Amino acid sequence: MNGKKGLSILVVIAVSFMAFNINWQYEYPGWTTTVNITGSLITFTRSDEMILVAKGKDSDVDYHKALGWMNLHDRYVQMCLYRLATLGLLTKHLPFTEASLKIDIKSNNLNSYGMSMKVISKLDATCLRNIQNFVDGVNAYLETHPRPIEFVLLNYYPEPFVVTDVVSLWIFISLSGLNEQSLSTEKILVEILAETDADLDILKTTFSPHLNGIDDELINIYKSLTNIRPLGDHDTSDLPKMTNSNNWVVSGTLSESGLPIMAADPHMPLTAFPNIFYEAHYIGEDGHKVFGISPSGTALMLMGRTGKLTYSLTFGMLDMADYFIENIVDGQYERDGVFHPLQKRSVTIHNQTFLFYDTHEGHTIERSLDVSHKPLVDGKYLAARFSLTSEGLYGFLMPFKIDDVQSAQRASQQNMLGVNMLYADVKGNIGYQQVGNVPKRSKSTGLLPQPAWKSENLWQGYLSGEDYHSILNPPEGFIATANNHIQAPGGPNVATFSLQHNRLDRITHLLKSKDKFNAEDFKRFQSDTYSLVAERVVNLIKPVLGQTAIEEELRNWDLRSTIDSRPAAFFKMFYEVLSRDILMKLFHQDEVRIAKYTRCNAYFVIKLVKTLIDDIPGFTTQKMLVDALQHTLALYKGQRYGDLEKMSFKNDAFGGLLPRWTGVDALDLPTNHCAECIKVGQASINMQGERVYISQAWRMVTDMSTDVVESILAGGPSGNILSNIYMREIDLWLTDTYKKIHL
């Protein structure tokens, strides 16, 4: 988050501290402290697994106070950085960098603070009390502990947290990641339709049926757009965002224990460290207990296990954000021939005034960052709108108050996150609930931006809870999700862009491979690197494989990615070459455009390549396969998979600036993760040319017949660079070694 300039003094002094082995936070199993948080006495203890365990009396009050205190204790710097970023205040409080300026402009354009005020005004008293308790816990730590070394050196004094800080972060996380991906998909399509002569039928096949309404009139509107913000301006790799995930659950009919077993592994960008997810464990004297992950600073227990229920989510690909096209004349926007004044927000960022414009519906006019300080000129602009709701948060705020699957389903139907929820309870029930706040669209499905000056194109309210798909105790005895398109039978459209079914198909295959499963099976499944993409493509190229050693190895490859595998490395290289050649054919050798789309939205490119290989007869010719094979043979120098697939954990505050010997970063770690297998791992280059790695940020397996949760967190319990447990779980993550948590 720091960029590459402005922190030289901080780096030098920080290195000096580490050279003398100064450690300000040494903790050990059994470390204990009791804290009075606004009248609640709560005891915190480091368990044998080095998880911070909180024990309170009245869980309705103490749980969130404890969660807030734990969050700041173990994620102090991260929480404060996220708060500054989501409120657009990085350049006000930290050394100036171009990266922080860009984040501040984008955050103010998004206006998460303004949105948070709207959400807070609609929250019920219970939710508000819970958030305030969380804030009280955060501030209790803030007021009684010294600032971390990073903030001492920067002379930054964090202000007390308030409720709007927490809700703003909820909003930012829910709107970034997949919502941002949805908008970038729309923008890429607009650019392709306006600037290229790419085959429209191929695009229609790839995104069927969502482009069926395209016509010359709409394409001409796209061509007339004013000052489209470049795709690179969308990138927020330094900020918390949620991407793809896996989860599955089996009922007692398929488990050795006779009760449900659940597995979950959310995927996040791991390049920024510490992990956005924070593992927390709470035990109440009133019998309530919960363990799970809370996105740092949010007060939400997003996934986990209570004494009666376990729950997890994957990101549901629901289309909850749209671009519209606004016709702007003299600072006014058009609706059915009538013009209305835009609402102007003027914000000072780094001694410069920036201007942001909104319609009364909440459409935010989008302009490139380099002109955001200038008054709006006449023209047609893209304008983004996001879906917000204050509903559906109770289950994440108070998970231990929900006893069974049916109650959990009812509590979560409408939510600003847009996710697939899986549940299991100690009674033996399993269930699925699609969760979101999808707008009603009368003239489109949401993938193509529509003219907002025709009011018939605007959102017409939101779908009701009954419109989302729900499953309870299916006859097959299992449920799995992996960011695939899930649609309620006969229900309205809820998604326009979903990922390929490769992971889901592999999970489903494994869940049909035995009559009965146990937790060890599910842990093994989470480490599965068998690639269905490789299965299809290797079968496609086998007829043209030659007799070289590596081609023979590829012919006999088991289609799994292991660190020492030569054929896995060769296939990775081949598929990248083939994908590039396919896209070059589609976009008529436009390498710049291909690189831009790949960096901006890799999932868009993956989906497009899959269509061009599998669904468009004759597009991927045998000559293209042979040429790609020969090109790869020329590139391949005996590498093994671990030579190509490496990832690095870089500290949020320092961004890789410190020397390796300080131990603040973990760099160039070989892994066996792969892009289209269950054990996901995908390295990409963002629009700033920086390497970003997305993988399993957390893994959980739990059998409801026990009180045990087995988990791995990519990183460590503490985000304090001077803590002995800062990177405690890196080796566990690399070696697929789980720790056991007893509720």
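Residues numbered from 1 in each chain as written. Predicted model: local features only at pLDDT ≥ 70, side-chain atom pairs only at ≥ 80, totals over all residues. Heavy atoms only, no water.

Colleague: Teacher, can you tell me more about the sheet that holds strand E10 (residues 309-315) here?
Modeller: The strands making up a sheet associate through hydrogen bonds between their backbones, and the pairing can be parallel or antiparallel. One open sheet holds the 10 strands; their spatial order is E1-E2-E3-E7-E8-E9-E10-E18-E19-E21, and the pairing between them is mixed. Among the strands making up the open sheet, the edge pair consists of strand E1 (32-37) and strand E21 (470-472). When the angles between neighbouring strand axes are averaged without regard to direction, this sheet yields 20 degrees. As paired strands, strand E7 (residues 277-284) and strand E8 (residues 289-295) are joined by seven bridges and run antiparallel to one another. Considered in E8, the bridge of alanine 280 is made with glycine 292. (Pairing = 2+ DSSP bridges. Helix = DSSP H or I, 4+ residues; strand = E, 2+ residues; numbered from the N terminus. Axes fitted to C-alpha atoms, helices over the stretch in contact; angles between N-to-C directions.)

Colleague: How do you make sense of the packing of helix H5 (residues 112-122) against helix H8 (residues 163-175) when you look at a structure like this?
Modeller: A packed helix pair is summarised by two numbers, namely the angle formed by the two axes and the spacing between the axes. Orientation of H5 relative to H8, taken along the N-to-C sense of each, is 110 degrees, at an axis distance of 8 Å. Taken together, the axes of H5 and H8 are roughly perpendicular relative to one another. Residue-level contacts link Ser112, Tyr113, Met115, Ser116, Met117, Val119 and Ile120 of H5 to Val163, Thr164, Val167, Ser168, Ile171 and Leu175 of H8. Class assignment of the residues belonging to the contact of H5 with H8 gives a composition of nine nonpolar, four polar and no charged. (Parallel < 35°, antiparallel > 145°, perpendicular 65-115°, else oblique. Contact = heavy atoms within 4.5 Å. Nonpolar A, V, L, I, M, F, W, Y, C, P; charged D, E, K, R; others polar.)

Colleague: Before we go on, may I ask you to explain the packing of aromatic side chains in this structure?
Modeller: In this description, a pair of aromatic rings is defined by centroid distance and the angle of the planes. Tallying each qualifying case throughout the model produces 22 aromatic pairs. Between phenylalanine 151 and tyrosine 156 the ring centres are 4.9 Å apart and the planes differ by 85 degrees, which places this aromatic pair in the edge-to-face class. Note on accessibility: phenylalanine 151 and tyrosine 156 belong to one class, buried. On the numbers, 6.0 Å between centres and 50 degrees between planes, the contact of phenylalanine 517 with phenylalanine 522 is tilted. Its relative accessible area of 0% is what places phenylalanine 517 among the buried residues. Cation over ring: lysine 585 sits above phenylalanine 619, and NZ or CZ is 4.3 Å from the ring centre. (Phe/Tyr/Trp six-rings, centres within 6.5 Å; stacked < 30°, edge-to-face > 60°. Buried < 20%, exposed > 50% of the residue type's maximum accessible area, 1.4 Å probe, protein only. Lys NZ or Arg CZ within 6 Å of the ring centre and 35° of its normal.)

Colleague: Please explain the pattern of salt bridges as it appears in this structure.
Modeller: In a structure, side chains of opposite charge can pair up when their charged atoms sit close to one another. Per the counting criterion, the structure on display carries 38 salt bridges. The closest approach of N and O atoms between arginine 335 and glutamate 361, which form a salt bridge, is 2.9 Å. You can see arginine 335 sitting in strand E12 (residues 332-335) and its partner glutamate 361 sitting in the loop between strand E15 (352-358) and strand E16 (364-365), a full 26 residues away along the chain. Overall, arginine 335 belongs to the buried group, its relative accessible area being 8%. Two residues, glutamate 591 and arginine 580, come together in a salt bridge whose shortest N-O distance is 2.8 Å. Residue glutamate 591 is found in helix H19 (residues 591-600), and its partner arginine 580 is found in helix H18 (residues 566-586); the two are separated by 11 residues along the sequence. Residue classification places arginine 580 among the partly exposed positions, given a relative accessible area of 34%. Overlapping salt bridges, with partners in common, bring together Glu191, Glu195, Asp590, Arg593 and Lys596 in one network. (Salt bridge = Lys/Arg side-chain N within 4 Å of Asp/Glu carboxyl O.)

Colleague: When you look at the sheet that holds strand E24 (residues 666-670) in this model, what are you seeing that I'm missing?
Modeller: Strand order in the open sheet made by the three strands is E6-E23-E24, with mixed pairing throughout. In this open sheet, the two strands that pair with only one neighbour each are strand E6 (272-273) and E24. As judged from the three bridges shared by strand E23 (residues 646-651) and E24, these two strands associate in the antiparallel manner. Within the sheet, the bridge partner assigned to phenylalanine 649 lies in E24 and is alanine 666.

Colleague: Would you mind going over the pairing of E1 with me for this structure?
Modeller: Looking along a regular strand, one sees the side chains alternate between the two faces of the sheet. In this sheet, strand E2 (residues 40-46) lies alongside E1 in antiparallel orientation, the contact comprising six bridges. Each residue of the ladder has a partner; that of threonine 33, found in E2, is phenylalanine 44. A loop of two residues connects E1 with E2, the two strands running antiparallel in sequence, and threonine 38 in this loop sits at a positive phi of about 40 degrees.

Colleague: Would you mind showing me how to read the nonpolar core here?
Modeller: For soluble globular proteins, nonpolar side chains are generally found buried alongside one another. With 214 residues, the main nonpolar core has Phe44, Phe522 and Phe649 as its most contacted residues. For this core, the leading source of residues is helix H2 (residues 59-86), giving 14 residues. With residues up to four places along the chain from it excluded, the contact list for phenylalanine 649 reads Leu270, Thr271, Phe273, Asp665, Ala666, Leu667, Leu669, Ala714, Met727, Ile730 and Trp733. Grouped together as the second largest cluster of nonpolar side chains are nine residues, Tyr333, Leu355, Ile365 and Tyr381 included. (Core = buried A, V, L, I, M, F, W, Y, C linked by side-chain atoms within 4.5 Å.)

Colleague: For this particular structure, what's the right way to read H8?
Modeller: An α-helix turns once per 3.6 residues; consequently, residues spaced three or four apart project the same way. Over its 13 residues, H8 extends 19 Å from the first C-alpha to the last, a length consistent with the 18 Å expected when each residue adds 1.5 Å. Burial of H8 is extensive: 13 of the 13 residues sit out of reach of the surface. (Expected span 1.5 Å × (residues − 1).)

Colleague: I tried to follow H18 on my own but got confused; where do I start?
Modeller: In this model, H18 (21 residues) spans 31 Å end to end at C-alpha, consistent with the 30 Å of a helix rising 1.5 Å per residue. Two to three positions downstream of the cap, the backbone nitrogen of alanine 568 sits 3.0 Å from a side-chain oxygen, assigning the N-cap of H18 to serine 565. Once H18 ends, the next one or two residues include histidine 588, with phi positive near 55 degrees. (Polar contact = N/O pair within 3.5 Å; in protein donor to acceptor, adjacent residues only side chain to side chain.)

Colleague: Would you take a moment to explain unusual backbone geometry for this structure?
Modeller: Negative phi characterises most residues that are not glycine, and trans characterises most peptide bonds. Across the junction of serine 208 and proline 209, the peptide omega takes the value 0 degrees, indicating a cis bond. Of note, proline 209 is situated in the loop between helix H10 (200-206) and helix H11 (216-223). Non-glycine residue leucine 559 carries a positive phi angle of around 70 degrees. Note that leucine 559 resides in the loop between helix H17 (549-555) and H18. The exposure class of leucine 559 is buried, given its relative accessible area of 11%. At aspartate 736, a position not held by glycine, the phi torsion is positive, near 60 degrees. Note that aspartate 736 resides in the loop between helix H23 (730-734) and strand E29 (739-742).

Colleague: How should I be thinking about the confidence of the model for the chain in this particular structure?
Modeller: Any region with low pLDDT has predicted coordinates that should not be read closely. Scored by pLDDT, the chain has a mean of 89; 93% of the residues are at 70 or more. Under a pLDDT of 50 for its full length, residues 2-9 has, in the predicted model, 19 contacts with residues more than four places off or in other chains. With pLDDT under 50 throughout, residues 18-23 is counted as low confidence; its partners more than four residues away or in other chains account for 12 contacts. (pLDDT = per-residue confidence, 0-100.)

Colleague: Can you walk me through the side chain of aspartate 665 in this structure?
Modeller: With respect to the element layout, aspartate 665 can be found in the loop between E23 and E24. Here aspartate 665 occupies a buried position and makes no salt bridge, while the nearest side chain of opposite charge, lysine 650, is found at 7.2 Å. Of note is the side chain of aspartate 665, whose polar atom sits 2.8 Å from the backbone nitrogen of asparagine 651. Aspartate 665 has contacts with Phe649, Lys650, Asn651, Gly656, Leu657, Leu658 and Met727, leaving out every residue within four places of it along the chain. (Lys, Arg positive; Asp, Glu negative; His and termini not counted.)

Colleague: Sorry, what's going on with the pairing of E15 here?
Modeller: Among the seven residues of E15, five are classified as buried, and the element is accordingly described as predominantly covered. Strand direction decides the pairing type here: strand E14 (residues 343-349) and E15, joined by seven bridges, are antiparallel. Within E15, the position partnered with serine 346 by the bridge is leucine 355. Linking E14 back to E15 in an antiparallel pair, the connection comprises two residues, with histidine 350 at a positive phi of about 55 degrees.

Colleague: Just checking my understanding: could you explain the packing of H2 against helix H6 (residues 125-144) for this structure?
Modeller: Where H2 meets H6, the closest approach of the two axes is 7 Å, and the angle between their N-to-C directions is 50 degrees. Looking at the two axes, H2 sits oblique to H6. Between H2 and H6 lies a crossing whose hand is right-handed. Of H6, the residues touching H2 (which contributes Asp60, Val61, His64, Lys65, Leu67, Gly68, Trp69, Asn71, Leu72, His73, Tyr76 and Met79) are Arg129, Asn130, Asn133, Phe134, Gly137, Val138, Ala140, Tyr141 and Leu142. Looking at side-chain class alone, the contact of H2 with H6 contains 11 nonpolar, seven polar and three charged residues. (Left-handed = near helix turned anticlockwise from the far one by under 90°.)

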